[in-house]
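Residue-level listing of the chains:
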Amino acid sequence: MAKTSSSQEVASSQQVFSNRTSIHEKKGDDDDNKVVHHDYAFSSLKDIENGTKDNRAFIIENLSREETKCTPISNGQASSVPEDKITIPNQQKQSMVLFAKIFSFVAILATVLAVTMTEIRSRQPTSRSPRTDASSSSNDSDSPSFTDVVIVGAGWAGLKAAQTLLAAGKTVLVLEAQDHVGGRARSDNAFLKGSPTELGCEWLYTGETDMSAYLLEEMGYDFFPTYELHGLNESSIFYSSTTRDKGSGEIVTVTKVLNDTEKMSYNDKIINGYTSYLKNTSQLFYNRTTSTGEDQDESFADALADYELQQEDYFNEEDKEILDLFESELEIEFAGEDETLSVKELGYYAGEYYEGGMRYTSVAGGGFGNIAHEFAKSFWSSIQLNAVVEEVNHEQDSVVTVSYKDKNGILRKAYGRTALVTVSVGVLKAGTIKFTPSLSKEKQDVIDAMGFGDLNKCIMVWDDPLDMVWPKDDLWFSLAAPGEQPYGKWTSFFNPSRYKGTPMLIGWVSGEDAIAIERQSNEEIMSDVMKSLKIMFPTISRPSKYIITRWNSVDHVRGAYAYSHVGRNMTADTAILGEKVNHLWFAGEATNTEGWHATTIGAWDTGKSVALDILTFLELEKKLISHSS
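Residues numbered from 1 in each chain as written. Predicted model: local features only at pLDDT ≥ 70, side-chain atom pairs only at ≥ 80, totals over all residues. Heavy atoms only, no water.

Along its length, the chain carries 17 helices and 22 strands. Buried residues in the chain amount to 56% of all 629 residues. For the chain, the exposed area adds up to about 26500 Å²; of that, 49% sits on carbon and sulfur atoms. (Helix = DSSP H or I, 4+ residues; strand = E, 2+ residues; numbered from the N terminus. Buried < 20%, exposed > 50% of the residue type's maximum accessible area, 1.4 Å probe, protein only. Areas by Shrake-Rupley, 256 points an atom, 1.4 Å probe, with all protein chains shown as cover.)

Now the structure itself:
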């Protein structure tokens, strides 16, 4: 890892983080390539798609029964899922489909040939060697690829989709703009000896989730330690205030640590009451609209102001500071500003009513980014890294063309019978990927309006065990302090020292504060962080080294994760964002309609679900073609 001029500091952001990112995905045989272009065939598909449960069940059954091995895309071929024969009795319709099939196939062949010749004429000679390890990719071939599915993005949604499709015998090309898989799951294995450091997501929801069952049982990560959901009872709470010294007359800072009795009192008096108020308000507004059809809603900030007004006669200044601290913890949880966070987020968010546990992944042998890397090993030949997608052209019914620049900056094209886009909402908002034709106004409006927050970390390590002047076994340290103080943004610190075997603290910041620190220098950030730490631990020394993440500045991520924006219906928005357009599909945490947005569970589930839908679609299309000839 590169270091700054100071031997103690590890550079971040554009200096390091842009090169080492992360927080918290299709192909066929000869028959498959014979796609139908005529409107008759696709109107038939739409008729069948209205009742695809039987077809999807057939696909799932064969996925488990056949245990088909993934096939590398180097030869462009893959085995097919076994199919039942069906009969189309109308001979006239069969003739129409056959004619359309031949016409479309010839047109596609001519198009691909023309593009290939153009690229060959314009391409400068380059020298490439095949992939020899998992850190690079072997899909930098000189000829355009034609596969069942082209997946844009190798985060958890893209990876799970690719695995599912390949297991069914489909050919897949995954295009990932960054130099690693996992997306916002990114492990740094050089920062701390013997243990990964998570720049992005760190915790895994367990319980009855498909992702946790696979990672813990199938992949053998059941050694991850269990983790209690973060609450004030699990935190050391520090209350800081200023007062005038009676002797000198100077303004001094006074800090006290709340004892267990005081924490329980605050929980009963303040936190439980406010939480109940938020839940009641969330349920009051959930799925309720005004007379004009607009969603009734309230922001967290307005809810807080209303609640404080209700309790005005009962709350003192310290009570209000503790309540503000809790509000800032909610902002970190949802990665947004309380002015833009909808109180209905509590109704959408699965974790609020979640009865399962959590596991901490950032231990020796683990790391969320490392897990993603390990997960993708079996289909590395289907992944191309450093492939920056510039355009997704879906104007033809029979083929989707994805234009991208490879690691050498050469413009290339990949062709798929379908395509799946799994990039973050931040990337979609930035408009760096052109869609031809443009996405519908309804889908674009959702992209523009959906909340997508920022969340950053200041990860600090002390080399000397004697530098640990904080309680080793307390997992969180929270600072209640007047917000106008310059260090007010750094109020929440995670203490993973017990897992790491060395003194380590991680400061968290979210929302507008997270975006603001990305414009600061490392030294300015560390100055603010150390002010907060010294309020809690006066004798603490400067860390031996640190990393500061800047997720909003990572071009191919541009933030943390989605949240429910005040005035929007998140359930409706996630459904619209996930709707397919012709042969173009969408997946990712922000398309999860089951309350798992903002989580790796949400990304995994949508990747798998959409992959199964694509398999159903491709099998229906294949049956229509094969039985018409």
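Moving on from the model shown.
With respect to topology, 3 strands assemble into an open sheet ordered 5-9-6, the strand pairing being antiparallel. If you trace the sheet from one side to the other, it starts and ends with strand 5 (203-205) and strand 6 (226-227), each paired once. Strand direction decides the pairing type here: strand 6 and strand 9 (residues 358-360), joined by 2 bridges, are antiparallel. Each bridged residue has a counterpart across the sheet, and for Tyr227 the counterpart in strand 9 is Met358. (Pairing = 2+ DSSP bridges.)

A word on unusual backbone geometry. Cis peptide bonds are those with omega within 30 degrees of zero, and the linkage from Thr436 to Pro437 qualifies with -5 degrees. The phi dihedral of Asn582 falls on the positive side, at around 55 degrees, and the residue is not glycine. Looking at where Asn582 falls in the secondary structure, it is placed in the loop between helix 16 (570-577) and strand 22 (584-586). Of the residues examined, Asn582 reaches a relative accessible area of 37% and is grouped as partly exposed. Positive phi, normally seen in glycine, also occurs at Ala598, with a value near 75 degrees. If you trace the backbone, Ala598 turns up in the loop between strand 22 and helix 17 (600-626).

Let's shift gears to the environment of Asp260. Mapped onto the secondary structure, Asp260 falls in helix 6 (residues 260-285). Judged by its relative accessible area of 56%, Asp260 falls in the exposed class.

Another point: the pattern of salt bridges. Oppositely charged side chains can pair when the atoms bearing their charge come close. Tallied over the full model, the rule gives 14 salt bridges. In this structure, the salt-bridge partner of Arg558 is Asp555, at a minimum N-O distance of 4.0 Å. The partly exposed category is assigned to Arg558, whose relative accessible area is 26%. What makes Asp555 partly exposed here is its relative accessible area of 47%. Residues joined in a network through salt bridges with shared partners are Asp148, Arg417 and Glu621. (Salt bridge = Lys/Arg side-chain N within 4 Å of Asp/Glu carboxyl O.)

On to a negative patch on the surface, then. Negative charge collects at one region of the surface, where Asp302, Asp306, Glu339, Glu512 and Asp513 lie side by side. Breaking the negative patch down by element, the ones donating at least two residues are helix 7 (300-310) and helix 14 (511-517). Tracing the chain through its elements places Asp306 in helix 7. (Patch = residues over 30% accessible without salt bridge, like charges linked within 9 Å, V, L, I, M, F, W, Y side chains within 5 Å. Lys, Arg positive; Asp, Glu negative; His and termini not counted. Charge placed at Lys NZ, Arg CZ, Asp CG, Glu CD.)

What follows covers the nonpolar core. By size, the foremost hydrophobic cluster in this structure holds 73 residues, and its most contacted members are Ile151, Trp156, Leu159, Val181, Ile383, Leu420 and Phe494. The biggest single contributor to this core is helix 17, with 10 residues. Judged by nonpolar contacts, the second largest core, of 31 residues, contains Val152, Val389, Val423 and Leu577. (Core = buried A, V, L, I, M, F, W, Y, C linked by side-chain atoms within 4.5 Å.)

Another point: the packing of helix 6 against helix 7. Two elements in contact, helix 6 and helix 7, have axes separated by 11 Å at closest approach and are oriented at 125 degrees. In terms of axis orientation, helix 6 runs oblique to helix 7. Considering only the axes of helix 6 and helix 7, their crossing is right-handed. Between helix 6 and helix 7, the residues in contact are Lys269, Ile270, Gly273, Tyr274, Tyr277 and Leu278 and Phe300, Ala303, Leu304, Asp306, Tyr307 and Gln310, respectively. (Axes fitted to C-alpha atoms, helices over the stretch in contact; angles between N-to-C directions. Parallel < 35°, antiparallel > 145°, perpendicular 65-115°, else oblique. Left-handed = near helix turned anticlockwise from the far one by under 90°. Contact = heavy atoms within 4.5 Å.)

All right, on to the confidence of the model for the chain then. When pLDDT is averaged along the chain, the result is 77, and 69% of the positions lie at 70 or above. This model gives residues 64-103 a pLDDT under 50, and the stretch forms 77 contacts once residues within four places in sequence are excluded. Contacts of residues 105-139 to residues separated by more than four positions or lying in other chains number 44 contacts, the stretch itself having pLDDT below 50. (pLDDT = per-residue confidence, 0-100.)

Right, let's get into the packing of aromatic side chains. One pass over the full model with this rule turns up 29 aromatic pairs. Taking 5.3 Å as the distance between ring centres and 70 degrees as the angle between the ring planes, the aromatic pair formed by Tyr205 and Trp596 counts as edge-to-face. On the criterion of sequence distance, the pair formed by Tyr205 in strand 5 and Trp596 in the loop between strand 22 and helix 17 is long-range, its members being 391 residues apart. For Tyr205, a relative accessible area of 10% gives the class buried. Given the relative accessible area of 13%, Trp596 is considered buried. Centroid distance Phe435 to Phe586: 6.0 Å. Interplanar angle 45 degrees. Geometry classified as tilted. Within this pair, whereas Phe435 is found in strand 14 (residues 434-436), its partner Phe586 is found in strand 22, the two being separated by 151 residues in sequence. Relative accessible area serves as the criterion here: at 3%, Phe586 is assigned to the buried category. (Phe/Tyr/Trp six-rings, centres within 6.5 Å; stacked < 30°, edge-to-face > 60°.)

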